Amino acid sequence: MTQQSTAEKLDQSRLNSTQDLLSLTESIRGRRDEKRPVIIVCHGTGCLANGSPNVAEALRQAIKEAGIAAKVVPQIKTTGCHGFCSRGPLVIMQPAGIFYQRVQPDDAQEIIQATLVEGRPVERLLYEDTKTGERIIHDYEIPFYKHQQRIVLKNIGKIDPTDIYDTIGAGGYLALAKVLSRMSPADVVSAIETSGLRGRGGAGFPTGRKWASAVAASKKRPGPVYVVVNGDEGDPGAFMDRTVMEGDPHAVLEGLIIGAYAVGSNQGFMYVRAEYPLAIKHLNIAIEQARELGLLGKNILGSGFDFDVEIARGAGAFVCGESTALFTSIEGRAGEPRPKYIRSVEEGLWGRPTVLNNVETWANVPLIIERGADWYKNIGVPHSTGTKVFSLVGKIANVGLVEVPMGIPLNRLIEEIGGGTPGAGRFKAVQTGGPSGGCLPYELGDVPVDFDSLTKAGSMMGSGGMIVMDEHDCVVDVARYFLRFLEEESCGKCLPCRLGLKAMLEFLNRFARGEGSLEDLAELENLAKAVQDGSLCALGGSAPNPVLTTIRYFRDEYEAHIKEKRCPAGVCKDLISYIIDPEKCTGCGACARSCPQGCITGEKKKPHNLDPAQCIRCGMCLDSCKFSAVVVR
Amino acid sequence: MSKNSIKEKNIIGFTINGQAVEAEEGWTVLETARYNGFHIPTLCYHEAIEPSGACRLCVVEVREGDWSKVVISCMYPVKEGIEILTDSPRVHNVRRWVLEMLLAECPASKEIQALAAEYGVSSSRFASVDKENQCMLCGLCVRVCNEIVGVNAISFASRGTSKEIATPYKVPSTACVACGSCVTVCPTGAMQARLDQVRGDISQRTGHGHAH
Amino acid sequence: MKEQAETIDEILDRYPGEPRYLISLLQDIQAEHGYISREAMTLVCGHTGVPLSRAWAASTFYKSFSVEPRGEHTIKVCLGTACHLKGGTRLAEGLERELGVKSGCTTKDLRFSLDTVNCLGACALAPVVVLDEEYLPNTNSKKVKQSIKRLDAE
Ligand SMILES: Cc1cc2nc3c(=O)[nH]c(=O)nc-3n(C[C@H](O)[C@H](O)[C@H](O)COP(=O)(O)O)c2cc1C
Ligand code: SF4
Ligand code: FES
Ligand code: FES
Ligand code: FES
């Protein structure tokens, strides 16, 4: 992956006081030429995979060829993910704010010529409103962005995450300056308590209270205290923490430094998932640059406060997101959880008081400090304050990342911002909270998305993955999917989880084959409760949630499998058959060539035949047919 | 705590199945229960070895006011005023499922069959992968080898349903001193059955006694 | 790939000889050699003071480590939720048939290793397959097969 840094060489020497930082902020802002064109090319993982580096290169080339470099050099800035990945690669022309989507290298010349030379937008690259068909010029007018409240994500997509000056110009580290010059550690803890901030990593534990307990624990047992960022984000279908780490790494770092100051820690760790190499790279750059400027290390901003941080890379284990497993992993061992009858704020990393918070939780901290706990408290709803970042994925028009105030009704999130399910009229269900969460039906669409309401509905906030399903998705299959995921990720230490997930899966596999009985369904619920009660850590403890909620809200679908041997969504392999629609089949033979069983036959240019007795329902023919002639019954 | 009471142990009072019991601070629920004659089944617990909380057979329900939770007695610290139930419906539900699943997991273990029978579980609805298996990965052998003997010859390997007890690269361990402690603590016959895979052919050894 | 013996000392030099650097060392070796050989693991243990059995436990616990040589090319099929809903599982099954190995395994000729991963964080492009470093967005079995053929021909 290539991430071309636009960072100018660090010319600033160490900042020795908070005043030095304020002056630097002023001077960066003063030096800015507001009229200089800036072309922002998204370099988030989604757009990178879609080829955005080639787009950036083509734009550079086009600028050179157009010869406008002589007057004002347009700056090409590569940023983190804008959230609208399904429309990538994204290009935004500043200062006009023109939003181009699905840009290809071939479009570069026209973009430069039209936008920069002639001063008009390239119509065909603008976003087209899915409902009205109107072309929209600016990102803030697009429904996907219009209804969001981006505070944690405010800089992402605007700043170059590899350039600390860009961050500082955008107000980075001002909260730290405020803390070091005007607040005592106790003031900071109390501000976080007042803000009502709750952990964004899953359980929603009040952050201020956690910090206060760590302070109390370290008073009882003097010695080192650690602060840790949980960047393991293993929830399949969630990528908000990745986006924050990649797109605004300094926000996480600044939050962590402030937290360290509040709880009296001099050493921090960032535990980042192995599958996120770009996040690791950007965090490393951020740490290095912060150290050079004296924002990290000894005597930060001349305040006498010392703090440094180290990155620990995960090695591919979902369970390492669990606090005790994460600590074990940082300590250099296989990440098995241990019972938590003594909390980790008292005995965490190396048995010392440790504050572990999620990436997004840390990124909220500077906001609260800078703009005040009261400002923060008024966003969202009383017991779930602030905003939450969600990743909308699955059968939804606008797949991507959104930030909304807590308490927003589920269907507003899905319909207005997410644009609803494509094609079909409405969504069937939404899985919130990933594999530990639950599956909520369309009928619960008005449930407010906050910690307590989701828990009451049998689901949970989790890390903020939202997986939207339509009528082609089978809930039995979805429950099996999550169980299989967790079975593979279970550490295997405790019996209810290692054997229980497998046993639950055996029940579900039976249903998916149209076997089993209604008594089995009742027994599965009992087993689910045993796994919930008996498991050592929350991986096993919450694994039954998808099973229990799908049974609770979609019992009829389970019964259709069991009693009628029918999969209403047409997913469960043993209950469906593939056939070829003779009306649509052109006899091109693509399906026959793709079939590993050789069970499709027919003459050229004549409708083909599929032998159901030999078909293994692998779906190869479905993928290969250009005429939608293969249908599932 | 006043200065002269430091040596005296704090006495903690609570109830087990409605009966008042006393424990010293720092005891676990299991220790207190056994001291007072309550029976709680265990598989992965051994007095001489640090508990790990793997088998979950020793679960009990703890109540404190309106709050209640299923916890493992072998590690749960005693606390003033709690109520412990050793055989509530929730506890029973966990135990019967664990035992039924264990029957399928370790079909060759007489010990597990006997224990299951004690709790009324005589057959299993679940599939057995290995008919010869007796090991349920309680980890006592690993812990005794690491903590007590101190030679670290064996460890867990892999995770989840593939988890197993193994020597590095699955060849007999040169660290093994053939002390036999693992066989002694193993609650089933599993360790005896795989001993040769761990220590290799003992007749080939030049000396015995200590690891280097 | 460089000679293992040449690189290992250089990797060991990157970290102090403390047990907590075990995972970092194994990661660097995995990245450099493609797997963790017995010799390499023994050297790491000597450097960090970690017993071999504990290093074995860690190398087999984490999914990104391999204790056997891997294929020249790695095919990763995303089975995250978004990819599953859009046919990722079918893709993986198809590739298992095509290559004649189960996922997590390497073909006999050491050409390809087939892996499944849980969410690459590119859910908007589901289903996603990654061939070595190259992302194949919105893909299907036919396209993946073609890409593999292309790689194989190289
Ligand atoms: C199996 C499992 C996986 C978890 N994965 C994550 C994760 O990837 N990221 C995260 O922040 N928290 C994760 N958690 C929750 C953490 O244990 C912990 O509660 C959280 O990091 C605390 O931070 P917070 O209070 O800021 O949310 C996981 C928990 C469990 C049981
Ligand atoms: S619940 Fe699962 S992941 Fe957690 S300790 Fe038990 S086996 Fe390990
Ligand atoms: S990666 Fe570009 S919008 Fe998400
Ligand atoms: S004896 Fe307590 S968990 Fe096994
Ligand atoms: S589910 Fe495949 S990239 Fe997220």
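Residues numbered from 1 in each chain as written. Chains lettered and ligands numbered in written order. Predicted model: local features only at pLDDT ≥ 70, side-chain atom pairs only at ≥ 80, totals over all residues. Heavy atoms only, no water.

S.K.: Before we go on, may I ask you to explain the overall build of chain C in this structure?
M.R.: Within chain C, the regular secondary structure consists of seven helices and four strands. Starting at the N terminus and walking to the C terminus, you meet the elements of chain C as α-α-α-α-β-α-α-β-β-β-α. C-alpha atoms of chain C, sized along the principal axes, occupy 50 × 30 × 25 Å. Residues classed as buried in chain C amount to 59% of the 154 residues present. Of the contacts made within chain C by residues no fewer than 6 positions apart, 60% connect residues no fewer than 24 positions apart. Accessible area for chain C stands at about 6,600 Å²; split by element, carbon and sulfur atoms hold 50% of it. (Helix = DSSP H or I, 4+ residues; strand = E, 2+ residues; numbered from the N terminus. Buried < 20%, exposed > 50% of the residue type's maximum accessible area, 1.4 Å probe, protein only. Contact = heavy atoms within 4.5 Å. Areas by Shrake-Rupley, 256 points an atom, 1.4 Å probe, with all protein chains shown as cover.)

S.K.: It is not clear to me how the nonpolar core should be interpreted in this structure. Could you clarify?
M.R.: Nonpolar side chains in soluble globular proteins tend to end up buried together. Residue and element names in this part refer to chain A. Formed by 286 residues in total, the largest nonpolar core has its most connected members in Y173, W211, M270 and F307. Sorting elements by how many residues they give to this core places helix 19 (residues 495–512) first, with 11 residues. Non-local contacts of Y173, meaning those with residues more than four positions away in its chain, are made with L21, I164, I168, H250, L253, E254, I257, A290 and L295. (Core = buried A, V, L, I, M, F, W, Y, C linked by side-chain atoms within 4.5 Å.)

S.K.: Mind showing me how you'd approach helix 14 (residues 359–371) of chain A here?
M.R.: All names here are of chain A. Taking burial as the measure, the 13 residues of helix 14 include 11 buried ones, the bulk of the element. The complete set of buried residues in helix 14 reads V359, E360, T361, W362, A363, N364, V365, P366, L367, I368 and I369. For helix 14, the capping residue at the N-terminal end is N358, with a side-chain oxygen 2.8 Å from the backbone nitrogen of E360. Downstream of helix 14 by one or two residues, G372 has phi in the positive range, about 95 degrees. (Polar contact = N/O pair within 3.5 Å; in protein donor to acceptor, adjacent residues only side chain to side chain.)

S.K.: I tried to follow the site of ligand 2 on my own but got confused; where do I start?
M.R.: The local shell around ligand 2 holds 13 residues, among which A:C491, A:C494, A:C497, A:C537 and A:G540 are the closest. Residue classes in the shell around ligand 2 are distributed as eight nonpolar, four polar and one charged. (Near = heavy atom within 4 Å. Nonpolar A, V, L, I, M, F, W, Y, C, P; charged D, E, K, R; others polar.)

S.K.: What am I meant to see in the interface of chain C and chain B here?
M.R.: Bring the parts together and some accessible area is lost; that lost area is often taken as the interface size. Tallying the contact residues gives 14 residues for chain C and 14 residues for chain B. Where chain C abuts chain B, roughly 1,100 Å² becomes buried across the two surfaces, and 61% of that area is made up of carbon and sulfur atoms. Area buried by chain C at its contact with chain B is led by C:R38, C:S53 and C:W56, which between them contribute 52% of it. On the surface where chain C and chain B come into contact, there are zero salt bridges. Seen at the junction of chain C and chain B, the total is seven residue pairs in polar contact (both at pLDDT 80 or more). Listed by contribution, the elements that provide at least two residues to the side of chain C that touches chain B are helix 3 (38–48) and helix 4 (52–61) of chain C. Broken down by element, the side of chain C that touches chain B gets its largest block of residues, six residues, from helix 4 of chain C. For the side of chain C that touches chain B, the class distribution of residues is nine nonpolar, three polar and two charged. (Buried area = accessible area lost by both parts, 1.4 Å probe. Salt bridge = Lys/Arg side-chain N within 4 Å of Asp/Glu carboxyl O.)

S.K.: Would you mind going over the UniProt feature "binding site: [2Fe-2S] cluster" (unreviewed entry) in chain C with me for this structure?
M.R.: The sites that carry the UniProt feature "binding site: [2Fe-2S] cluster" (unreviewed entry) are, in the present numbering, C:C78, C:C83, C:C119 and C:C123. Judged by maximum C-alpha separation, these annotated positions cover 46 residues in sequence but sit close together in space, the widest gap being only 9.3 Å. Its location among the elements puts C:C78 in strand 1 (residues 73–78). C:C78 gets classed as buried once you look at its relative accessible area, which sits at 3%. Contacts of C:C78, omitting those with residues within four sequence positions, involve C:C83, C:G88, C:V117, C:C119, C:L120 and C:V128. The topology assignment puts C:C119 in the loop between strand 2 (112–117) and strand 3 (129–131). Setting aside anything within four residues of it in sequence, one finds C:C119 in contact with A:P236, A:G237, A:A238, A:R273, C:C78 and C:G80. (UniProt positions renumbered as here; feature names shortened; annotations may be inferred.)

S.K.: Please explain the sheet that holds strand 1 (residues 38–42) of chain A as it appears in this structure.
M.R.: Backbone-to-backbone hydrogen bonds pair the strands of a sheet. The strands run either parallel or antiparallel. All names here are of chain A. Taken in spatial order, the four strands line up as 2-1-3-4 in an open sheet, and their pairing is mixed. Looking at the sheet topology across the chains shown, the edges are occupied by strand 2 (75–79) and strand 4 (98–100). Each adjacent strand pair in this sheet contributes to an overall mean axis angle of 20 degrees, direction not counted. Pairing of strand 1 with strand 3 (residues 91–94), which is carried by four bridges, proceeds in the antiparallel orientation. Residue I39 lies in a different strand from strand 3, and its bridge partner there is M93. (Pairing = 2+ DSSP bridges. Axes fitted to C-alpha atoms, helices over the stretch in contact; angles between N-to-C directions.)

S.K.: How do you make sense of the domain arrangement of chain B when you look at a structure like this?
M.R.: Residue and element names in this part refer to chain B. Along its sequence, chain B is carved into domain 1 (7–133) and domain 2 (140–204). Placing the centre of domain 1 and that of domain 2 at their C-alpha centroids yields a distance of 26 Å. Contacts between the two partners involve 12 residues from domain 1, matched on the other side by nine residues from domain 2. For the pairing of domain 1 and domain 2, the buried interface totals around 790 Å² over both sides, and the portion due to carbon and sulfur atoms is 63%. For domain 1, the biggest contributors to the area lost against domain 2 are L43, I49 and E111; these three give 50% of the whole. Inspection of the domain 1/domain 2 interface yields zero salt bridges. Here domain 1 is connected to domain 2 by three residue pairs in polar contact (both at pLDDT 80 or more). When the residues that make up the side of domain 1 that touches domain 2 are grouped by side-chain class, the tally is seven nonpolar, three polar and two charged. (Domains from an automatic or database assignment.)

S.K.: Looking at this model, I keep getting lost on the site of ligand 1. Mind explaining?
M.R.: All names here are of chain A. The immediate surroundings of ligand 1 are formed by 19 residues, with G201, E233, N357, N358 and T361 found nearest. Within the backbone of G234, one N or O atom sits 3.4 Å away from an oxygen atom of ligand 1. In this structure, N357 approaches ligand 1 through a side-chain N or O atom, which is 2.8 Å from an oxygen atom. Against a free-state accessible area of 600 Å², the protein chains account for coverage of 89% of ligand 1.

S.K.: Looking at this structure, how should I read the interface of chain A and chain C?
M.R.: Between chain A and chain C, the residue contacts involve 57 residues of the former and 42 residues of the latter. Summing both partners gives a buried area of about 4,000 Å² for chain A against chain C, and 56% of it is carried by carbon and sulfur. Connecting chain A to chain C are five salt bridges. Linking A:K573 and C:E93 is a salt bridge whose minimum nitrogen-to-oxygen distance equals 3.0 Å. Between the two partners, chain A and chain C, sit 24 residue pairs in polar contact (both at pLDDT 80 or more). Looking at the side of chain A that touches chain C, the elements that each hand over two or more residues are helix 2 (45–49), strand 9 (308–313), helix 13 (323–330), strand 13 (387–394), strand 17 (465–469), helix 18 (475–489) and helix 25 (620–624) of chain A. Looking at which element gives the most residues to the side of chain A that touches chain C, the answer is helix 18 of chain A, with seven residues. Its residues assigned to classes, the side of chain A that touches chain C comprises 30 nonpolar, 12 polar and 15 charged.

S.K.: Can you walk me through the packing of aromatic side chains in this structure?
M.R.: Any two aromatic rings considered together are summarised by their centre-to-centre distance and by the angle between their planes. Using the criterion set out here, one finds 26 aromatic pairs over all chains in the structure. Ring geometry for A:Y481 and A:F482: centres 5.2 Å apart, planes at 70 degrees, overall edge-to-face. You'll find A:Y481 and A:F482 in the same group, each marked buried. Three or more aromatic residues link up through ring pairs in this structure, and these residues are A:F84, A:F99, A:Y127, A:F144 and A:Y145. Sitting over the face of the ring of A:F507, A:R510 holds its NZ or CZ atom 5.1 Å from the ring centroid. Over the aromatic face of B:F156 sits the side chain of B:K163, whose NZ or CZ is 4.9 Å from the ring centroid. (Phe/Tyr/Trp six-rings, centres within 6.5 Å; stacked < 30°, edge-to-face > 60°. Lys NZ or Arg CZ within 6 Å of the ring centre and 35° of its normal.)

S.K.: Looking at this structure, how should I read the packing of helix 20 (residues 518–534) of chain A against helix 2 (residues 89–105) of chain B?
M.R.: The description of two helices packed together rests on the angle between their axes and the distance between the axes. Relative orientation of the contacting elements helix 20 of chain A and helix 2 of chain B amounts to 100 degrees, with a least axis distance of 9 Å. Classified by the interaxial angle, the pair formed by helix 20 of chain A and helix 2 of chain B is roughly perpendicular. Contacts between helix 20 of chain A and helix 2 of chain B involve A:E523, A:N526, A:L527, A:K529, A:A530, A:D533 and A:G534 from the former and B:R90, B:N93, B:V94, B:R96, B:W97 and B:M101 from the latter. By residue class, the composition of the contact of helix 20 of chain A with helix 2 of chain B is five nonpolar, three polar and five charged. (Parallel < 35°, antiparallel > 145°, perpendicular 65-115°, else oblique.)

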